[in-house]
Amino acid sequence: MGVFTFVVKNSGGEWKAKQHEGELEACAPSSYELQRKLVQAALSSDSSGGVQSSYSPVTPSSAVFQVIIGGGGGGGAFVGGGAAAAPAGGAAAAAEAPPAEEKKEEKEESDDDMGFSLFD
């Protein structure tokens, strides 16, 4: 599994990115095109599995972009309620999502229901 983290900055109408603790770099006229180039650069370094990416703006002219390659199911590893982990395919798990569990309303018990009082 490879994790590639990039610091992204807009300077003079051009978006530039440099890998944090690495040597990969790219530039493009838009942040969207830059993200596509960074994913391709990361894939050229490590093509061991599926690709996930995350773009987090920090200011209007800077962001953090992360590319994760490999690592299995992709985001939905724990569905909840004691469900099993998602299979490595990721897409198959999304296509076969289990129905949502219905919530049971819990009633608050009173002291009378417990058979004793705090003041006995």
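Read on for an overview of the structure.

Rules of the game
Residues numbered from 1 in each chain as written. Predicted model: local features only at pLDDT ≥ 70, side-chain atom pairs only at ≥ 80, totals over all residues. Heavy atoms only, no water. Core = buried A, V, L, I, M, F, W, Y, C linked by side-chain atoms within 4.5 Å. Buried < 20%, exposed > 50% of the residue type's maximum accessible area, 1.4 Å probe, protein only. Helix = DSSP H or I, 4+ residues; strand = E, 2+ residues; numbered from the N terminus. Contact = heavy atoms within 4.5 Å. Phe/Tyr/Trp six-rings, centres within 6.5 Å; stacked < 30°, edge-to-face > 60°. Salt bridge = Lys/Arg side-chain N within 4 Å of Asp/Glu carboxyl O. Pairing = 2+ DSSP bridges. Axes fitted to C-alpha atoms, helices over the stretch in contact; angles between N-to-C directions.

A word on the nonpolar core. Note that soluble globular proteins tend to have their nonpolar side chains buried in a common cluster. Among the nonpolar cores identified, the biggest contains 17 residues, and Phe4, Phe6, Val8, Leu34, Leu38, Phe65 and Val67 are the most heavily contacted of them. Breaking this core down by element, the ones donating at least two residues are strand S1 (2-11), strand S2 (14-19), strand S3 (25-28), helix H1 (31-45) and strand S5 (62-69). Phe4 has contacts with Gln19, Leu24, Ala42, Ser45, Asp46, Phe65, Gln66, Val67 and Ile69, leaving out every residue within four places of it along the chain.

This part covers the packing of aromatic side chains. As enumerated under the stated definition, the model contains one aromatic pair in all. Note on Tyr55 and Phe65: the rings are 6.3 Å apart at their centroids and 55° apart in plane angle, and the pair reads as tilted. With Tyr55 in strand S4 (residues 51-59) and Phe65 in strand S5, this residue pair connects regions lying 10 residues apart in the sequence. For Phe65, a relative accessible area of 1% translates into the label buried.

Bringing the pattern of salt bridges into the picture now. Inspection of the entire model under this criterion finds one salt bridge. The partner of Glu25 in a salt bridge is Lys18, and the shortest N-O contact between them spans 3.8 Å. With a relative accessible area of 55%, Glu25 lands in the exposed category.

So, about unusual backbone geometry. Unusually for a residue other than glycine, Glu21 sits at a positive phi of about 60°. Summarising the element assignment, Glu21 is placed in the loop between S2 and S3. Given the relative accessible area of 75%, Glu21 is considered exposed.

Right, let's talk about the sheet that holds S5 for a bit. A sheet is described by the order of its strands in space; here five strands give the open sequence S3-S2-S1-S5-S4, paired in antiparallel fashion. Either end of the sheet is taken by a strand with one partner, and the two such strands are S3 and S4. Within this sheet the neighbouring strands show an average axis-to-axis angle of 20°, counted without direction. Bridge analysis of S1 against S2 gives six bridges, and the strand direction is antiparallel. Among the inter-strand pairings, Phe6 is bridged to a residue of S2, identified as Gln19.

That is the geometry; function is a separate question.
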